[in-house]
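# Understanding the architecture of this molecule
Listed below are the residues making up each chain.
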Amino acid sequence: MSTPVTIIMIEDDEGHARLIERNIRRSGVNNEIKSFTTGTEAVNYLFGADGNGLPHKGESLLILLDLNLPDMTGIEILRRVKENRYLKCAPVVVLTTTDDSQEIKRCYELGCSVYITKPVNYDNFANAIRQLGLFFSIIQVPQATP
């Protein structure tokens with residue numbers, strides 16, 4: 001039996017975070033969403049007090065990651081997640097305003113599953129997130145490595 005997928009949203013712009021959550025819900029995804037506005041909060045949650053990621057062993061996580069955070073880069077979080085034995089299988093969806101081709105390449109090299117540039121237009125952004133929510137409703141997410 002599969003465990004429910006928890007969506008970890010790391011987004012410092014609270015307006016974007018509300019828009020993302022609202023449109024994921026509109027697409028029919030009712031999974032738990034844990035929101036973090038700083039990289040430090042997210043890293044502390046993901047890796048736990050010992051920094052080893054063990055608290056999420058056996059859980060299914062999907063990470064929505066903004067690259068531009070106030071205290072650390074999303075690239076650093078992505079690197080740490082993909083190097084961690086318990087978290088490395090978690091899909092990471094980079095959702096950011098950055099459309100630099102070198103940054104996109106680097107994210108894929110580090111193991112992101114999907115890279116999405118946030119549209120500037122509100123309606124386009126909302127539509128993109130609804131489509132992402134539909135994607136979430138059909139993908140399979142593995143449990144964290146035992």
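Residues numbered from 1 in each chain as written. Predicted model: local features only at pLDDT ≥ 70, side-chain atom pairs only at ≥ 80, totals over all residues. Heavy atoms only, no water.

## With respect to the overall build of the protein
What the protein contains, in helices and strands, is five helices and five strands. Along the protein, helices and strands appear, N-terminal first, in the series β-α-β-α-β-α-β-α-β-α. Computed over the C-alpha atoms, the radius of gyration of the protein is 14 Å, within 12% of the 15 Å expected from 2.2 N^0.38 for a compact globule of 146 residues. Across its three principal axes, the protein shows a C-alpha extent of roughly 40 × 35 × 25 Å. Taking all 146 residues of the protein together, 43% fall into the buried category. Summarising the internal contacts of the protein: among those between residues at least 6 apart in sequence, 70% fall at separations of at least 24. Looking at the protein as shown, the accessible area adds up to about 7500 Å², and 49% of this sits on carbon and sulfur atoms. When the 15 basic and 18 acidic side-chain charges of the protein are each reduced to a single mean position, those positions are 6 Å apart. (Helix = DSSP H or I, 4+ residues; strand = E, 2+ residues; numbered from the N terminus. Rg over C-alpha atoms; globule rule 2.2 N^0.38 Å. Buried < 20%, exposed > 50% of the residue type's maximum accessible area, 1.4 Å probe, protein only. Contact = heavy atoms within 4.5 Å. Areas by Shrake-Rupley, 256 points an atom, 1.4 Å probe, with all protein chains shown as cover. Lys, Arg positive; Asp, Glu negative; His and termini not counted. Charge placed at Lys NZ, Arg CZ, Asp CG, Glu CD.)

## A short note on the side chain of Thr96
Mapped onto the fold, Thr96 is located in strand E4 (residues 92-96). Its relative accessible area of 0% is what places Thr96 among the buried residues. Among the polar contacts listed, one links the side chain of Thr96 to the side chain of Asn68, at a separation of 3.4 Å. Among all residues touching Thr96, those that are not within four sequence positions of it are Asp66, Leu67, Asn68, Tyr115, Ile116, Thr117 and Lys118. (Polar contact = N/O pair within 3.5 Å; in protein donor to acceptor, adjacent residues only side chain to side chain.)

## Focus: the UniProt feature "modified residue: 4-aspartylphosphate" (unreviewed entry) in the protein
In the numbering used here, UniProt assigns the feature "modified residue: 4-aspartylphosphate" (unreviewed entry) to Asp66. Topologically, Asp66 is positioned in the loop between strand E3 (60-65) and helix H3 (74-83). Beyond its immediate chain neighbours, meaning those up to four positions away, Asp66 contacts Ile10, Glu11, Asp12, Gly74, Leu95, Thr96 and Lys118. (UniProt positions renumbered as here; feature names shortened; annotations may be inferred.)

## Observations regarding the packing of H3 against helix H4 (residues 101-110)
The angle between the axes and the distance between the axes are what describe a pair of packed helices. Running from amino to carboxyl end, H3 crosses H4 at an angle of 15°, the nearest separation of the two axes being 9 Å. For the element pair H3 / H4, the angle class is roughly parallel. Here the hand of the crossing between H3 and H4 comes out left-handed. Here H3 contributes Ile75, Leu78, Arg79 and Lys82 to the contact with H4, which in turn contributes Glu103, Arg106, Cys107 and Leu110. (Axes fitted to C-alpha atoms, helices over the stretch in contact; angles between N-to-C directions. Parallel < 35°, antiparallel > 145°, perpendicular 65-115°, else oblique. Left-handed = near helix turned anticlockwise from the far one by under 90°.)

## Digging into the nonpolar core
In this structure, Ile10, Leu46, Ile63, Val81 and Cys107 are the most contacted members of the largest nonpolar core, which totals 23 residues. Taken together, the elements giving at least two residues each to this core come down to strand E1 (5-10), helix H2 (39-47), E3, H3 and E4. If we ignore the near neighbours within four places in the chain, the residues touching Val81 are Leu46, Phe47, Ile63, Leu87, Lys88 and Val92. Core analysis: the next-biggest nonpolar cluster, separate from the first, contains 17 residues, Ile20, Ile24, Leu62 and Ile129 among them. (Core = buried A, V, L, I, M, F, W, Y, C linked by side-chain atoms within 4.5 Å.)

## With respect to the UniProt feature "domain: Response regulatory" (unreviewed entry) in the protein
When the UniProt feature table is mapped to this numbering, "domain: Response regulatory" (unreviewed entry) covers residues 6-133. Each end of residues 6-133 is marked by a C-alpha atom, and these two atoms are 13 Å apart; helix forms 42% of the span and strand 19%.

## Things to note about a negative patch on the surface
Side chains of Asp12, Asp13, Glu14, Glu41 and Asp71 sit close together on the surface and give a patch of like negative charge. For Asp71, the position within the fold is in the loop between E3 and H3. (Patch = residues over 30% accessible without salt bridge, like charges linked within 9 Å, V, L, I, M, F, W, Y side chains within 5 Å. Salt bridge = Lys/Arg side-chain N within 4 Å of Asp/Glu carboxyl O.)

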